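Spelled out, the chains give:
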Amino acid sequence: MEAIEPSVPLESQKRVGVDWSDLPVDLLQEISKKLHDIFDFVYFRAVCKKWRAATSISDLPPQLPWLLQEHRSGSESLCFYSLLSDKIRTIHCPMACNKHLIGPSHGYLYAEGLPHSLLNPLTKDEVTIEPGSFLCPFLVCMGPDPIGSNDYMAFLHNDLGTARFYRPRSCEWNSVALPLDDVGRESCLKGMYYMKDHETDNTVVFNIACGSSFVIPSPKILDSSDQVYFVESSGKVLRIVKSVDLSSPVSTPNYCFNIYQLDVEGEIDQGRWVKTNSIGNQILFLDFHNGISITASPSTGFRGNYVYYIVSPDDECFVSCGLYKYNISDGQAEKVLCPFNNGWTWLVPNLVSSLPAGHN
């Protein structure tokens, strides 16, 4: 029987392999959209020139926040924990040395200490904040994206009852008298300054641009231990009340969360807080003072309608400190495995330089 010769000589067959640089550009772009860990995205673009050309840094897929470990004084390195990759990322960042870092935000942390600045640990971009005659630029809060969206930042003023607001992209300072002298939690969201009235638990909303304000009644009287957060989530403003869960076992006390959405009928000054048991595909990430909201992506394996929060080692009410997640649907909390238990704040990593003109 006559042998059938292979279409490709055996010697050539041994040398046949896949040339990864020949993958179609549209396929490379589809693959890059699934890389929700920023390091994987960087490694992907470093494979070859074609892979790098197929994607831009601006094509970085939506990222889950990193948890920043409490920063040690004198250290030039920042330690982050990536929930997605379950890895610690250590970033050398000399500009953060001996600075108090404040978040959470997209891309930039506020570095409190001379010089005061907004700092991107990955790109080393730094926006110096010049206080001028302002003696103590102590940050109260900042919007979720102070550089990219030019969100306001709120600072304590030397005079009681007065605040100074700063917009980093336009380098604008604005000093205004507030309607309250004694406030609780504050947040800058969409040009508004949200404040909790200590005496009534009502929400006072201050329009930073025009100086007007209005009051949104509190749905219920809060306990003295309750904490209030104001967070923008998918275009909506949420009021999040963090309370000690009295239904949890005495041996393992935990927190529960009541979430209210700002319901606006007509003018915004006619708004009211409406309790909700669902924030859809959004995930809330809270530190000890502020929070941000991220859209859950199916390809990450993380589901929406959860709250991730930190329990401090200094919280004597709790047996176990560390990172937790709360299911808004069923009200159940569980501990999240994390390599360190002294988490401080959250940072959404970003490689895109959003520096305004005139900044280095």
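Rules and cut-offs
Residues numbered from 1 in each chain as written. Predicted model: local features only at pLDDT ≥ 70, side-chain atom pairs only at ≥ 80, totals over all residues. Heavy atoms only, no water. pLDDT = per-residue confidence, 0-100. Helix = DSSP H or I, 4+ residues; strand = E, 2+ residues; numbered from the N terminus. Contact = heavy atoms within 4.5 Å. Buried < 20%, exposed > 50% of the residue type's maximum accessible area, 1.4 Å probe, protein only. Pairing = 2+ DSSP bridges. Arc of directions from axis to C-beta. Polar contact = N/O pair within 3.5 Å; in protein donor to acceptor, adjacent residues only side chain to side chain. 1 Å grid on protein atoms, 1.4 Å probe; cavity = no way out; pocket = protein on both sides within 12 Å on 5 of 7 lines; lining within 4 Å. Points joined across faces, edges and corners; volume = space filled by probe spheres on them. Nonpolar A, V, L, I, M, F, W, Y, C, P; charged D, E, K, R; others polar. Phe/Tyr/Trp six-rings, centres within 6.5 Å; stacked < 30°, edge-to-face > 60°. Lys NZ or Arg CZ within 6 Å of the ring centre and 35° of its normal.

- Going by the annotation in an unreviewed UniProt entry, the name recorded for the protein is F-box SKIP23-like protein (DUF295), with Rhynchospora pubera given as the source organism.

Some points on the confidence of the model for the protein
Part 1 of the reasoning: Of the residues in the protein, 85% have a pLDDT of 70 or more, and the chain-wide mean is 85.
Part 2 of the reasoning: By mean pLDDT, the top-scoring element of the protein is strand β21 (residues 282-286) (98), and the lowest-scoring one is helix α1 (residues 10-15) (49).
Part 3 of the reasoning: The low-confidence segment residues 1-8, where pLDDT is below 50, has two contacts with residues more than four positions distant or belonging to other chains.

Observations regarding unusual backbone geometry
Part 1 of the reasoning: Geometrically, the link from Gly103 to Pro104 is a cis peptide bond, its omega value of -10° lying close to zero.
Part 2 of the reasoning: Relative to the elements of secondary structure, Pro104 occurs in the loop between β4 (100-102) and β5 (105-106).
Part 3 of the reasoning: Omega for the bond connecting Leu114 with Pro115 falls within 30 degrees of zero, at -10°, which places this linkage in the cis form.
Part 4 of the reasoning: With respect to the helices and strands, Pro115 occurs in the loop between β6 (109-112) and β7 (117-119).
Part 5 of the reasoning: One non-glycine residue, Asp86, lies in positive phi territory at about 55°.

Remarks on the pairing of β21
Part 1 of the reasoning: Of all five residues in β21, five are buried; the element is thus mostly enclosed.
Part 2 of the reasoning: Of the two faces of β21, the one carrying Gln282, Leu284 and Leu286 and the one carrying Ile283 and Phe285 are both buried.
Part 3 of the reasoning: Here β21 pairs with strand β22 (residues 291-295) via five bridges, running antiparallel. Looking across to β22, one finds that Leu286 is bridged to Gly291.
Part 4 of the reasoning: Linkage of β21 to β22, two consecutive antiparallel strands, is achieved through a turn of four residues.

Digging into helix α3 (residues 38-45)
Part 1 of the reasoning: For α3, every residue scored as buried is listed here: Ile38, Phe41, Phe44 and Arg45. Projected down its long axis, α3 shows its buried positions confined to an angular sector of 120°, all on one face.
Part 2 of the reasoning: Elements in contact with the buried residues of α3: α2 (25-32), α4 (49-54) and β1 (66-69).
Part 3 of the reasoning: Near the N-terminus of α3, the side chain that reaches the backbone nitrogen of Phe39, with its oxygen 2.9 Å away, is that of Asp37.

Focus on empty space enclosed by the protein
Part 1 of the reasoning: Counted according to the given criterion, the structure contains three cavities of 30 Å³ or more.
Part 2 of the reasoning: When its volume is computed, the largest cavity comes out at roughly 90 Å³.
Part 3 of the reasoning: Lining the largest cavity are 13 residues, and of these Met142, Gly143, Pro144, Asn290 and Gly291 sit closest to its centre.
Part 4 of the reasoning: Of the pockets and cavities examined, the second largest cavity occupies roughly 40 Å³.
Part 5 of the reasoning: Class assignment of the residues belonging to the lining of the second largest cavity gives a composition of four nonpolar, five polar and no charged.

Focus: the packing of aromatic side chains
Part 1 of the reasoning: Going through the model one piece at a time under the given rule, you end up with 21 aromatic pairs.
Part 2 of the reasoning: Summarising the aromatic geometry, the rings of Trp66 and Phe80 are spaced 5.4 Å apart at their centres and angled 50° between planes, so their arrangement reads as tilted. Taken together, the residues Trp66 in strand β1 and Phe80 in strand β2 (residues 77-82) connect sequence positions 14 residues apart. We note that Trp66, like Phe80, is buried.
Part 3 of the reasoning: Ring geometry for Tyr166 against Trp173: centres 4.6 Å apart, planes inclined by 40°, an arrangement best described as tilted.
Part 4 of the reasoning: The exposure class assigned to Tyr166 is buried, which follows from its relative accessible area of 3%.
Part 5 of the reasoning: The lysine or arginine in question, Arg167, covers the ring of Tyr152, its NZ or CZ lying 4.5 Å from the ring centre.

Concerning the sheet that holds β1
Part 1 of the reasoning: The five strands are arranged β3-β2-β1-β26-β5 in an open sheet whose pairing can be described as mixed. The outermost strands of the open sheet, each flanked by one partner alone, are β3 (87-92) and β5.
Part 2 of the reasoning: Sheet topology places β1 next to β2; three bridges connect them, and they run antiparallel. Across the sheet, Leu68 pairs through a bridge with Phe80, a residue of β2.

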